Amino acid sequence: IGRFIAMAMYHGKFIYSGFTMPFYKRMLNRKLTMKDIESIDPEFYNSLIWIRDNNLEECGLEMFFSVDFELLGEIKPHELKPGGAEIMVNEENKEEYLELVTEWRMTRGIEEQTKSFLD
């Protein structure tokens, strides 16, 4: 299937399939952005926009460079960068947090499958 898609892309043909625009961007090795999340998870996207547009320190939010996610009914933590559970998000590092959480959200659980597909 990977060769078929590669040939279609090479020849500039559109493939009518269930792929999302962010997945097409990954196939083309383009950087995924926060805006790409909107088509996949609008609620999560709106949360990121709120974080971007508001002063976390004024709101009294304590956020860290880690996220929790559910896997088979169990809540698992994930550090967005080494030591992330100890690094507080503030106005100076908020953009880095948004980039890392966007990358994580777009790749969680599908890294191996995406790599195999694209190779």
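Cut-offs used in this document
Residues numbered from 1 in each chain as written. Predicted model: local features only at pLDDT ≥ 70, side-chain atom pairs only at ≥ 80, totals over all residues. Heavy atoms only, no water. Phe/Tyr/Trp six-rings, centres within 6.5 Å; stacked < 30°, edge-to-face > 60°. Helix = DSSP H or I, 4+ residues; strand = E, 2+ residues; numbered from the N terminus. Buried < 20%, exposed > 50% of the residue type's maximum accessible area, 1.4 Å probe, protein only. Lys NZ or Arg CZ within 6 Å of the ring centre and 35° of its normal. Salt bridge = Lys/Arg side-chain N within 4 Å of Asp/Glu carboxyl O. pLDDT = per-residue confidence, 0-100. Axes fitted to C-alpha atoms, helices over the stretch in contact; angles between N-to-C directions. Parallel < 35°, antiparallel > 145°, perpendicular 65-115°, else oblique. Contact = heavy atoms within 4.5 Å. Nonpolar A, V, L, I, M, F, W, Y, C, P; charged D, E, K, R; others polar. Expected span 1.5 Å × (residues − 1).

J.: Quick question: what am I supposed to make of the packing of aromatic side chains here?
T.: Given two aromatic rings, their pairing is described by the distance between the two centres and the angle made by the two planes. Counted according to the given criterion, the structure contains two aromatic pairs. Ring geometry for Phe-65 and Tyr-97: centres 5.6 Å apart, planes at 85°, overall edge-to-face. Of this pair, Phe-65 sits in the loop between helix H5 (56-59) and strand S1 (66-71) while Tyr-97 sits in helix H6 (residues 94-107); the two residues are 32 residues apart in sequence, bridging distant segments of the chain. The exposure class of Phe-65 is buried, given its relative accessible area of 0%. You can call Tyr-97 buried: its relative accessible area is 7%. Aromatic pair Phe-69 and Trp-104: ring centres 6.0 Å apart, planes at 55°, arrangement tilted. On the criterion of sequence distance, the pair formed by Phe-69 in strand S1 and Trp-104 in helix H6 is long-range, its members being 35 residues apart. Here the guanidinium or amino end of Lys-81 rests over the ring plane of Phe-65, the centre of that ring lying 4.7 Å away. Lying across the ring of Phe-44, Arg-105 places its NZ or CZ 5.9 Å from the centre.

J.: What's the story with the pattern of salt bridges in this structure? I'm lost.
T.: Opposite charge on two side chains allows them to pair when their charged atoms are near. Applying the stated criterion to the full structure yields six salt bridges. Arg-105 serves as the salt-bridge partner of Asp-41, at 3.2 Å between the closest nitrogen and oxygen. Here Arg-105 lies in helix H6 and Asp-41 lies in the loop between helix H3 (34-37) and helix H4 (42-53), a separation of 64 residues in the sequence.

J.: Is there a simple way to explain the environment of Met-88 in this structure?
T.: Tracing the sequence through the fold places Met-88 in the loop between strand S2 (74-79) and H6. Spatially, the C-alpha atoms of Met-88 and Met-63 are 5.7 Å apart, while their sequence positions differ by 25 residues.

J.: Help me understand the confidence of the model for the protein chain, please; the structure alone is not making it clear to me.
T.: Should the pLDDT be low somewhere, the predicted coordinates at that spot are not to be read in detail. Taken over all residues, the pLDDT of the protein chain has a mean of 82, while the share at 70 or more is 78%. Confidence scores differ between elements of the protein chain, with helix H7 (residues 111-118) showing the lowest mean pLDDT of 60 and H4 the highest of 94.

J.: What should I look at first to understand the packing of H4 against H6 in this one?
T.: The packing of two helices is summarised by the inter-axis angle and the distance between the axes. Between H4 and H6, the least distance of the axes is 10 Å, while the angle of their chain directions is 170°. When the interaxial angle is binned, H4 and H6 end up roughly antiparallel. The residues of H6 that touch H4, namely those facing Phe-44, Leu-48, Ile-51 and Arg-52, are Lys-94, Glu-95, Tyr-97, Leu-98, Val-101, Thr-102 and Arg-105. Among the residues forming the contact of H4 with H6, the class breakdown is six nonpolar, one polar and four charged.

J.: I tried to follow H6 on my own but got confused; where do I start?
T.: An α-helix turns once per 3.6 residues; consequently, residues spaced three or four apart project the same way. Between its terminal C-alpha atoms H6 stretches 20 Å, which fits the 20 Å expected from 14 residues at 1.5 Å a residue. The set of residues buried in H6 consists of Lys-94, Tyr-97, Leu-98, Val-101, Thr-102, Trp-104, Arg-105, Met-106 and Thr-107.

J.: When you look at unusual backbone geometry in this model, what are you seeing that I'm missing?
T.: Keep in mind that most residues, glycine aside, have a negative phi and that most peptide bonds are trans. A positive phi angle, close to 55°, is found at Leu-72, a residue other than glycine. Along the chain, Leu-72 turns up in the loop between S1 and S2. Using a relative accessible area of 87% as the deciding quantity, one classes Leu-72 as exposed.

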